[in-house]
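Architecture and fold: a report
What follows is each chain in one-letter form.
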Amino acid sequence: MVRVYVSTIIDAAAENVWARVRDFNALPQWHPGIADSRIENSDPSDRIGCIRHFHTRDGGMIRERLLALSDYDYSCTYSILESPMGVDNYVATLKLTPVTDGARTFAEWSAEFDCAEGRERELTEHIGGGVFQGGFDALKRHFGRR
Amino acid sequence: MLQKVVRSTVIDAPIDRVWAVLRDFNSHDQWHDVVAESRIEGGEAPTQVGCIRSFSLKDGNRIREQLLTLSDTDYRSTYCIVEATVPLQRYVATVTLKPVTDGNRTFWHWESTFATPPGMERELRQMVAEGVYEAGFENLRRHLGRRGDAGGGARGVAAPRGAPIASREIRLRRYGGPEQLEVGAGEAAPPRPGEVRIQQRAIGVNYFDIYLRRGWIPALLPVSESRPGVLGMEAAGTVVDVGEGVGTVLPGDRVAYLGPLPGAYRTVRTVPADWVVRLPAAVEDETAAAMLLKGLTADVLLRDLGRVGPGTRLLVHAAAGGVGLLLCAGARRLGATVFGTVSTESKARVAREHGCQHVIVTANYRFADAVQREAGGADVIVDGLGDAARDENFAALARRGHWISLGQASGALQPISPDWLVQKSATFSRPVVFDYVSTPAQLAERAQRVLDALARGPLPPVERYALDAAAQAHARLESRGSVGALVLLA
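Please read these numbers as outputs of a predicted model, since none were measured by experiment.

All names here are of chain B. Running from N to C, helix α4 (residues 207-214) and helix α12 (residues 470-478) point in directions that differ by 105°, and their axes come no closer than 10 Å. On the basis of the axis angle, α4 is roughly perpendicular to α12. Where α4 abuts α12, its residues Y207, I210 and R213 lie against H474, L477 and E478. Within the contact of α4 with α12, the residues separate by chemical class into 3 nonpolar, 1 polar and 2 charged.

Following this line, the structure appears as structure tokens:
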């Protein structure tokens, strides 16, 4: 099992950051690596079990299932059903926590998965450094601009 | 109704450094302004889940709190109030740290639930949130920012990041006597990833340094006219700066180190962070530099090799030396019967003061008769004498005894044959201490035990020399005139 963990501080109140990332169908609106997204079977995007079907900017197709969503904990957990990355048993969580000392947000994004031996490092860098940190950097830019 | 308070902040330091303070259930009087005094009841360790700390607050209140959870994997500590002069009822609090990977900082979350007498909810919520948690955030920031002051000495030198710092060093161009040691000007390179640069204040002198100076271990310290070597295995001082990826110490931390590579006889040195341990306030730089390697040596000898316990008959040579005194005191604490050899009456007095019950004053390596007569032989011999006392040590050994050759001040031991050892069913070993602290975890565990013992005392006497007078310190140690440990002051 490989574990990836990335965290950052975003200069905005947690409720505002949550409003931007809560929608399971909204990745293209805030993550620069995602081209488009839809929810299969026209389910609401906050119904547990719904599946998002999206493409990355480099053309890869990914299907992910919403496993948990908490407006109380500001957290969202999902698994990968289908992807070109070559990962199995992939479960990830994005979680926000208010920093009471200043209207800031502590954001964590973590994943656990299995993969072919020897690919751990490459996948850790792609997922942690590319996907997660890339998303955080976009959020920091967005909230830093206001 | 149960009250809930949550406060959180971001500390600009790596998580392991912040956790080192917060995991210590007995540390608050060192950094939190509201706490005047803290102690753990019943002499338990502050890492003992279930232990109780007793706080006296500066405002006169008293609080007793019990540790319910301590997790080094989750960076979490949960505790509750068991008794207090403030009306906080059913108070349970949790401190959690999380790493901010983006910037190597720390997110600190502190929350609690509690009940109060009617009408006091608001007042007590505010006291906990602001007076304890928010004030604690600020106090810890200040604590981490001023660590260099704790030692009472000069602050570390400031240097532009990435630039070398000038360092005075004691050089050896040719193996030989103390006169070969000369003062020179060098520099300490900026720390690379995983390294720390230390402004040293005290440097330990060990008999091992003399072996290196004489050229007995040239592989470890090659020297030449153009590339002089620098002696010294241990020192203490203040961290100037740290390389990338170092999470355990910060600039300004008081630290000591020991390492398997010589080079400590200088004012500023850059070393791997794995060698370094932080010093508690109760242990001074001089003590740490003088005693860390000697203390670890004694720890390895007593616990791992000698397996010294109640009734063990231990024979310590050079019993008034640095390692010797630590061995005498440590062995007595473990319930052993301690024999020691010294060369003079005044050394005999110091050895007795440190727990050596049977002191043998001898200038010509005669001690076996006395040990055999008093106790029927020694179960464990710690031998730094070497070849001149070879036969005498064997004669002093009890059956099934363990002869540990730690040094050979009088010259290298002639080979020991198995047929000789079998006459006493004896064990012979020739340990290198660094092999017992070769991982950071092993070093941390042993060093903690040694530092705790040093903080408790009694401390062996320490003779101090200026760094530039290293040659005099060596001459003194070789003359067998010194008592206790020697340090060089940078």
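Another aspect to go through is the interface of chain A and chain B. Counting from both sides, the interface comprises 14 residues of chain A and, opposite them, 13 residues of chain B. Put simply, the parts of the chain that give the side of chain A that touches chain B at least two residues each are β1 (2-10), β6 (87-99), β7 (104-115) and α3 (120-145) of chain A. Looking at side-chain class alone, the side of chain A that touches chain B contains 7 nonpolar, 5 polar and 2 charged residues.

Attention shifts here to the environment of A:S70. All names here are of chain A. Topologically, S70 is positioned in strand β4 (residues 61-70). Taking the C-beta count within 10 Å as the criterion, S70 has 11 such neighbours and is therefore assigned exposed. Linking S70 and K95, residues 25 residues apart in sequence, is a C-alpha distance of 9.3 Å.

Among all positions of helix α1 (residues 14-21) of chain A, only A:V17, A:W18 and A:V21 are buried. Angular distribution of buried residues about the axis of α1(A) spans 100°; they occupy a single face of the element.

Residues and elements named next belong to chain B. Neither face of strand β15 (residues 313-316) is open: one carries R313 and L315, the other L314 and V316, and all of them are buried. Alignment of β15 against strand β16 (residues 337-342), held across 4 bridges, turns out to be parallel. Bridge pairing in β16 links V316 to G340. Since β15 and β16 lie parallel, the crossover through helix α6 (residues 322-333) that links them has a hand, and here it is right-handed. One ladder, built from 3 bridges, connects β15 with strand β18 (residues 378-383); its direction is parallel. The partner of L315 across the bridge, within β18, is I381.

We now examine the sheet that holds β15(B). Residue and element names in this part refer to chain B. Taken in spatial order, the 6 strands line up as β17-β16-β15-β18-β19-β20 in an open sheet, and their pairing is parallel. One side of each edge strand has no neighbouring strand; the edge strands of this open sheet are β17 (358-361) and β20 (427-429). Adjacent strand axes in the sheet meet at a mean angle of 15° when their direction is disregarded.

Definitions and cut-offs
- Residues numbered from 1 in each chain as written.
- Chains lettered and ligands numbered in written order.
- Predicted model: local features only at pLDDT ≥ 70, side-chain atom pairs only at ≥ 80, totals over all residues.
- Axes fitted to C-alpha atoms, helices over the stretch in contact; angles between N-to-C directions.
- Helix = DSSP H or I, 4+ residues; strand = E, 2+ residues; numbered from the N terminus.
- Parallel < 35°, antiparallel > 145°, perpendicular 65-115°, else oblique.
- Contact = placed C-beta atoms within 7 Å.
- Nonpolar A, V, L, I, M, F, W, Y, C, P; charged D, E, K, R; others polar.
- Buried ≥ 20, exposed ≤ 12 C-beta atoms within 10 Å, placed from the backbone.
- Arc of directions from axis to C-beta.
- Pairing = 2+ DSSP bridges.
- Right-handed = clockwise from strand over helix to strand, strands pointing away.

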